[in-house]
Amino acid sequence: MKKNKRHQTNLISLIIIVVTVILLVFLSVCLYKQPSLEVRFNVIINWLSKLEHAIAGLDSHIEIVICIFALYIAKCQLPIPMGALCVISGMVFPLPYAIIINIVFIAFFYTVKYIEGLWIGGGWAMMILNIRQIRFIKQWVMFKGSGNPYILVVSRLVPSIPLGMVSKLYGSMHYDFVYYICLSIIGFAPRLYIYTRIGSVLYNPFSREFIVLIMIIVAFTGISCLVFNIFYGRKSRQMTQTLLIYSQKQKYKIVL
């Protein structure tokens, strides 16, 4: 059983590495060929540039903010990627204003999920943490029942961890709301900036800046998933060994 788990961890790690390397190599080639790509897809770039000028010339920015806010409200119950919402804001507004809008609306999303956790509990996150094989993670997250601030920041930084699940979990633990909002915004800030920046350069998806930003997202996502998989594999094996030793001792006591 120990060998099977080790083999499974190694296989998943290998898949993550291969996929990440393939994507980075492809993006590196695109970055190297960037001038020729801009020439080849000049028609698309010109059309996107006209679209950018058309959006910039709109007088109904308040209506656009309301529409974006409606998408954030929908995000509270639907699996809409948070990165996509940040990109939309970056497409419509100048970068500083888009970042401010995203911070306000993301804080709203965190608040809604926090309140849900207060009323209905930790949901799927608590159910997952109650699985025997990963109870060592629960001990870190719970942090004597009050919530671990470091885990909260890291969970916002890692793209593969659902934001809503973590929010409801910390709400169910009655974690201090002010610290919860501040730490959540700080942890998500690097991703928020990159996603919003992508939106601001999305009108030229063949520019160097756009390709570099995508490479950063791919590399960070791959590395974070790899680290989590290796860490989980090691801790899972340690927990399995501990449980086997404990069960053998209990069995021995029963026989006696």
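Structure report, in brief. In this numbering scheme, every chain counts its residues from 1 along its sequence in written order. Note on the predicted model: pLDDT of at least 70 is required for a residue's local features to be given, and 80 or more for side-chain atom pairs to be given and counted; whole-chain, interface and lining totals, by contrast, use all residues. Calculation of side-chain values draws on the structure's entire complement of heavy atoms; hydrogens and water are dropped beforehand.

A few words on the overall build of the protein. Helix and strand labels come from DSSP, where a helix needs a run of H or I of at least four residues and a strand needs a run of E of at least two; each type is numbered from the N terminus. When you go through the protein residue by residue, the secondary structure sums to twelve helices and zero strands. Its helices and strands in sequence order give the protein the pattern α-α-α-α-α-α-α-α-α-α-α-α, from N to C terminus. The burial tally for the protein puts 38% of its 256 residues in the buried class. Should any heavy atoms of two residues lie within 4.5 Å, those residues are considered in contact. Counted over contacts in the protein with a minimum sequence separation of 6, partners at least 24 positions apart contribute 75%. Computed with the Shrake-Rupley method and a 1.4 Å probe, the accessible areas treat only the protein chains shown as cover for residues. On the protein, roughly 15,500 Å² of surface is accessible, and the fraction owed to carbon and sulfur atoms is 72%. Any residue under 20% of the maximum accessible area for its type is buried, any over 50% is exposed, and the rest in between are partly exposed; the area is computed with a 1.4 Å probe on protein chains only.

Let's shift gears to the nonpolar core. Only buried residues count toward a nonpolar core, which is a set of Ala, Val, Leu, Ile, Met, Phe, Trp, Tyr and Cys residues joined through side-chain atoms within 4.5 Å. Core analysis: the biggest nonpolar cluster contains 37 residues, and Tyr72, Met82, Cys86, Ile106, Tyr110, Tyr180 and Phe188 have the highest contact counts within it. Elements with a contribution of two residues or more to this core: helix H4 (61-75), helix H5 (82-92), helix H6 (95-120), helix H10 (163-172), helix H11 (177-201) and helix H12 (208-255). Excluding anything up to four places from it in sequence, Met82 contacts Tyr72, Lys75, Ile106, Phe109, Leu163 and Phe188. Among the nonpolar cores identified, the runner-up in size contains seven residues, and Leu27, Cys30, Phe206 and Ile211 belong to it.

Attention now moves to H5. Counting buried positions over the eleven residues of H5 gives eight, a clear majority of the element. Taken together, the buried positions of H5 are Met82, Gly83, Leu85, Cys86, Val87, Ser89, Gly90 and Val92.

To continue, consider the packing of H6 against H11. Axis separation between H6 and H11 bottoms out at 9 Å; the angle between their running directions is 140 degrees. Here H11 runs oblique to H6, going by the angle between their axes. Between H6 and H11 the crossing geometry is right-handed. For the pair H6 and H11, the contacting residues are Leu95, Ala98, Ile99, Asn102, Ile103, Ile106, Ala107, Tyr110, Thr111 and Tyr114 in the first and Phe177, Tyr180, Ile181, Ser184, Ile185, Phe188, Leu192, Tyr193, Thr196 and Arg197 in the second. Under the convention adopted here, Pro, Cys and the residues Ala, Val, Leu, Ile, Met, Phe, Trp and Tyr are nonpolar, Asp, Glu, Lys and Arg are charged, and Gly plus all remaining residues are polar. The residue inventory of the contact of H6 with H11, partitioned by class, reads 15 nonpolar, four polar and one charged. Angles here are taken between N-to-C directions and fall from 0 to 180 degrees, while the axes themselves are lines fitted to C-alpha atoms, restricted in helices to the stretch in contact. Roughly parallel covers angles under 35 degrees, roughly antiparallel covers those over 145, roughly perpendicular covers 65 to 115, and oblique covers all other angles. Crossing chirality is assigned from the near helix's rotation relative to the far helix, an anticlockwise turn below a right angle marking it left-handed and a clockwise turn marking it right-handed.

Quick look at the pattern of salt bridges now. Any Lys or Arg side-chain nitrogen found within 4 Å of a carboxyl oxygen on Asp or Glu counts as a salt bridge. Evaluation of the coordinates by the stated rule reveals two salt bridges. Among the ionic pairs, Glu116 bridges to Lys113, the shortest N-O distance being 3.3 Å. With Glu116 and Lys113 both in helix H6 and three residues apart, the pair spans about one turn of that helix. Among the ionic pairs, Glu209 bridges to Arg197, the shortest N-O distance being 2.4 Å. Here Arg197 lies in helix H11 and Glu209 lies in helix H12, a separation of twelve residues in the sequence. By relative accessible area, Arg197 is classed as partly exposed at 24%.

Among the residues of helix H9 (residues 149-157), those classed as buried are Leu152, Ser155 and Arg156. Taken around the axis of H9, the buried residues stretch over an arc of 95 degrees, which confines them to a single face. On its buried face, H9 sits against H6, H10 and H11. By construction, the arc corresponds to the directions joining the helix axis to the C-beta atoms.

Here Asn102 is to be found in helix H6. Since its relative accessible area comes to 0%, Asn102 is described here as buried. If we skip the residues at most four places from it in the chain, Asn102 touches Tyr72, Leu85, Cys86, Ser89, Leu192 and Thr196.

Another aspect to go through is the packing of H9 against H10. Two packed helices can be described by the angle between their axes and the distance between those axes. The geometry of H9 relative to H10 is characterised by a closest axis approach of 10 Å and an angle of 165 degrees between their N-to-C directions. In terms of orientation, H9 lies roughly antiparallel with respect to H10. Here H9 and H10 pass one another in a crossing that is left-handed. From H9, Ile151, Leu152, Ser155 and Arg156 reach across to H10, where they touch Leu163, Val166, Ser167 and Tyr170. Residue classes in the contact of H9 with H10 are distributed as five nonpolar, two polar and one charged.

Moving on, we come to the environment of Phe220. Relative to the helices and strands, Phe220 resides in helix H12. Phe220 sits 61 residues away from Pro159 along the chain, and the two C-alpha atoms are 8.4 Å apart. Setting aside anything within four residues of it in sequence, one finds Phe220 in contact with Leu157, Val158 and Pro159.

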